[in-house]
Amino acid sequence: MYIGRFAPTPSGDLHYGSLVTAIASFLDAKKFGGKWLLKIDDLDKQRVRKGSIESILKTLECLHLFWDSTETYQSHRLEAYEFYFKKLLETRKTYHCNCSRKFLSENAKLGESGYIYPGFCRNKVLGNSTINACATRLIVDDLPIFIDDQIQGKLSQNLSKEIGDFVIKRNDQQFSYQFSVCIDNKLDKITNIVRGADLLSSTPRQVYLLNLLNFDIPEFSHVPIANIGKKKISKSDDYKVSINGNQKAIWMKVLKFLNQPISKNTSEMKLDEIIKYAIKNWEISEVSPLNSIEIS
Ligand code: GLU
C-alpha cells in the first residue's frame, strides 16, 4: 500500500513553498488511494519556534489537508534512533570526528552540499574524554549511487567524491537529519516521498543509509522549490500566506505552480470539490523537472 508523508520542520509558519510540498505529497498519495502521514521534524531544538507546530496543524486543516493517523514527532523517537544507531556502529563503518568548522573551512574542498569530508579523522585515536564532544561519521564508498526520481529523472552521485564521510550524530550528540529521516521512513513504512528539490542532493546519502540498514528504498519525487526572485522562500522571510478566506485561491495557485489542470468553474465550486478534481486529475509527470521556479 502507498504510504506518503509531509514532514515539516516547525521553524515557523508554513509558507507558500512548504504548501507546494504538502499539496503535492497529499495529491500523489490520494491519487493512489494511499495514506498521507504527517511527521513533525522537531529534532533540532535550535530550529524549533514556539507556536509553529500549532500553526502548521491549523494551516493544514484549514486547507483541508487532513492527515491519516495521528501526527508523529521526531522528538518522541529517540529510543528507535539509538537502536538503529547501534546497528550502524556494528557495521564498523563509523568513526568519531572532532574536526571543527574552522578546520574544515581551511582544509576541505567546498562541494555543492558543503565541505567534502575526506576522512581526516578516520584513523585518529580519540581519547574517551573527548568522544562526547565528537560527531560520528559514516564511511562512504567510492561508487555512484543511482536515483530514478519521478520528477527530476535519473541522476547519480558518488558520495566519496561529492560529499565524503557524512555525519550521522552531531557533536552535540543529536542525531543528524540524514540519519533520523531514514529511521522515520522505516518506522512509518513510507513507500513514496514527495518533497522539495532542495533535498535532492541529500537523497543519495539517505539511499546509502537505507541500504546499509537493509531497509526498503521508497520512490522519490522532488518538486521544484518556490523562489521569490533568485532566492528560496524561507520561514524567516516575511512571505506570510494568509489562509483564512483564501483557501481556494491558495489551492489554485499551488496547482498552477505544479502545472496541474484547474477546473473551469472553480468560482462556483466548494473547496472539497476543487480538491477532488485535483486528486482525480493529478499527474506527477506534468510537474516541472526544474530545481526551482519563481512564483508569480
Ligand atoms: N523537515 C524537512 C523540511 O522541512 C523536510 C524533510 C523531508 O521531507 O525529508 O525541509
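Since the structure is predicted, the reported quantities are computational estimates derived from the model, not experimental observations. (Residues numbered from 1 in each chain as written. Predicted model: local features only at pLDDT ≥ 70, side-chain atom pairs only at ≥ 80, totals over all residues. Heavy atoms only, no water.)

1. Here's the deal with the site of the ligand
Applicable threshold: Definition of nearness: a residue and a molecule or strand are near each other if at least one heavy atom of the residue lies within 4 Å of the molecule or strand. Polar contacts, as used here, are pairs of N or O atoms within 3.5 Å; protein pairs need one atom able to donate a hydrogen and one able to accept it. Residues neighboring in sequence count only if both atoms are side-chain atoms. Method for areas: the Shrake-Rupley scheme with a 1.4 Å probe, in which residue coverage is limited to the protein chains shown. Amino acids are sorted into nonpolar (Ala, Val, Leu, Ile, Met, Phe, Trp, Tyr, Cys and Pro), charged (Asp, Glu, Lys and Arg) and polar (every other residue, Gly among them).
Around the ligand lies a shell formed by Arg5, Ala7, Pro8, Thr9, Asp41, Tyr177, Val181, Arg195 and Leu199. In this structure, Tyr177 approaches the ligand through a side-chain N or O atom, which is 2.8 Å from an oxygen atom. When the ligand sits alone it has 300 Å² of accessible area, and the protein chains cover 80% of it. Among the residues forming the shell around the ligand, the class breakdown is five nonpolar, one polar and three charged.

2. Regarding the sheet that holds strand β3 (residues 72–73)
Applicable threshold: Only strands joined by at least two bridges in the DSSP assignment are considered to pair. Per the convention used, a helix needs a DSSP run of H or I reaching at least four residues, while a strand needs a run of E reaching at least two, with both numbered from the N terminus. Contact definition: two residues touch when any of their heavy atoms are within 4.5 Å. Helix axes are fitted only over the stretch in contact, all axes being lines through C-alpha atoms; the angle between N-to-C directions runs from 0 to 180 degrees.
Pairing within the open sheet is parallel, and its three strands lie in the order β1-β2-β3. Either end of the sheet is taken by a strand with one partner, and the two such strands are β1 (3–6) and β3. Where strand β2 (residues 35–40) meets β3, two bridges bridge the pair, whose relative direction is parallel. Note on β3: the bridge partner recorded for Lys39 is Thr72. This element, helix α2 (residues 52–62), spans β1, β2 and β3 of the sheet and lies at about 160° to β2.

3. Examining the packing of aromatic side chains
Rules: Geometry of aromatic contacts follows a simple scheme: Phe, Tyr and Trp rings, the Trp one being its six-membered ring, pair when their centres are within 6.5 Å, and the pair is stacked under 30 degrees between planes, edge-to-face over 60, tilted otherwise. A 1.4 Å probe rolled over the protein chains alone gives each residue an accessible area, and that area as a share of the maximum for its type sets the label: buried under 20%, exposed over 50%, partly exposed in between. Our definition puts a charge over a ring when NZ of Lys or CZ of Arg is within 6 Å of the ring centre and also within 35 degrees of the ring normal.
The full count for this structure, using the stated rule, is 15 aromatic pairs. Ring geometry for Phe85 versus Phe175: centroids 5.5 Å apart, planes at 65°, classification edge-to-face. Of this pair, Phe85 sits in helix α3 (residues 78–90) while Phe175 sits in the loop between β10 (166–169) and α7 (177–188), and the two are 90 residues apart along the sequence. Since its relative accessible area comes to 5%, Phe85 is described here as buried. Residues Phe103 and Phe120 carry aromatic rings whose centres are separated by 5.0 Å and whose planes lie at 80° to one another, so their mutual orientation is edge-to-face. Residue Phe103 is found in helix α4 (residues 101–107), and its partner Phe120 is found in the loop between β6 (114–116) and α5 (128–131); the two are separated by 17 residues along the sequence. You can call Phe103 partly exposed: its relative accessible area is 31%. Members of the aromatic cluster, each reached through a chain of ring pairs, are Phe6, Phe26, Trp36 and Trp251. The ring of Tyr117 has Arg137 sitting right over it, with the charged end atom 3.6 Å from the ring centre. Positioned over the ring face of Tyr16 is Lys253, at 5.0 Å from the centre of the ring.

4. Structural notes on unusual backbone geometry
Only a minority of non-glycine residues have a phi that is not negative, and only a minority of peptide bonds are not trans. Even without being glycine, Ser69 reaches a positive phi, approximately 65°. Position of Ser69 among the secondary structure elements: in the loop between α2 and β3. When its relative accessible area of 46% is taken as the criterion, Ser69 is described as partly exposed.

5. Observations regarding the sheet that holds β10
Spatial ordering of the open sheet is given by β4-β7-β10, a layout of three strands whose pairing is antiparallel. Of all strands in the sheet, those bounded by a partner on one side alone are β4 (94–97) and β10. Each strand axis lies, on average, 45° off the axis of its neighbour in the sheet, ignoring direction. In terms of strand pairing, β4 meets strand β7 (residues 135–138) through four bridges, oriented antiparallel. Residue pairing in the sheet places Tyr95 in a bridge with Arg137 of β7. On top of the sheet, α3 reaches β4, β7 and β10; it is set at about 135° to β10, its chief contact. Against the sheet, helix α8 (residues 203–212) contacts β7 and β10, and its axis sits at roughly 55° relative to β10.

The quantities given are spatial measurements derived from coordinates; they are silent on function.
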